[in-house]
Amino acid sequence: MRILRSLLGAVLVLISTATVALVSADRLAHLAPAPVVRAAQAEPSATGSLPAPAKAAPAPKAPLPSIPNGFDTERLHALMRGDPILPGR
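Every value quoted in this text rests on a predicted model; they were computed, and no experiment measured them.

Cut-offs used in this document
- Residues numbered from 1 in each chain as written.
- Predicted model: local features only at pLDDT ≥ 70, side-chain atom pairs only at ≥ 80, totals over all residues.
- Heavy atoms only, no water.
- Helix = DSSP H or I, 4+ residues; strand = E, 2+ residues; numbered from the N terminus.
- Buried < 20%, exposed > 50% of the residue type's maximum accessible area, 1.4 Å probe, protein only.
- Areas by Shrake-Rupley, 256 points an atom, 1.4 Å probe, with all protein chains shown as cover.
- Patch = residues over 30% accessible without salt bridge, like charges linked within 9 Å, V, L, I, M, F, W, Y side chains within 5 Å.
- Salt bridge = Lys/Arg side-chain N within 4 Å of Asp/Glu carboxyl O.
- pLDDT = per-residue confidence, 0-100.

**Side note on the overall build of the protein**
A tally of regular secondary structure across the protein gives three helices and zero strands. Out of the 89 residues in the protein, the part that is buried amounts to 1%. Entry remark: accessible area of the protein is about 9100 Å², with carbon and sulfur atoms responsible for 66%.

**Brief notes about a nonpolar patch on the surface**
A contiguous nonpolar surface patch, about 480 Å² in accessible area, is contributed by Met 1, Ile 3, Leu 4 and Leu 7. By secondary structure assignment, the location of Leu 4 is in helix α1 (residues 2-29). Take Leu 4: its relative accessible area is 53%, and that puts it in the exposed class.

**Re the confidence of the model for the protein**
For the protein, per-residue confidence averages 79 on the pLDDT scale, and residues scoring 70 or more make up 74% of the total. Per-element confidence in the protein ranges from a low mean pLDDT of 65 for helix α2 (residues 44-47) to a high of 94 for α1.

Here it is as structure tokens:
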């Protein structure tokens, strides 16, 4: 009986080692090819073949509301400090 336990342990170790070796060999055989590196092409406006586009003036921005999206940061800070809730304005 003692020899059977030793044989069973040896067989399990052999099967585990063979599985790891075969999976590793399969992964190495199917590696992705190295990506092909292309030479970077210069921007046409940098080479002078095309004129650089004229930049348009930025549009004026609308003024932001005093409390964006209705979120009151002063009240949040007061709550985080432990102050009592401030009355609504």
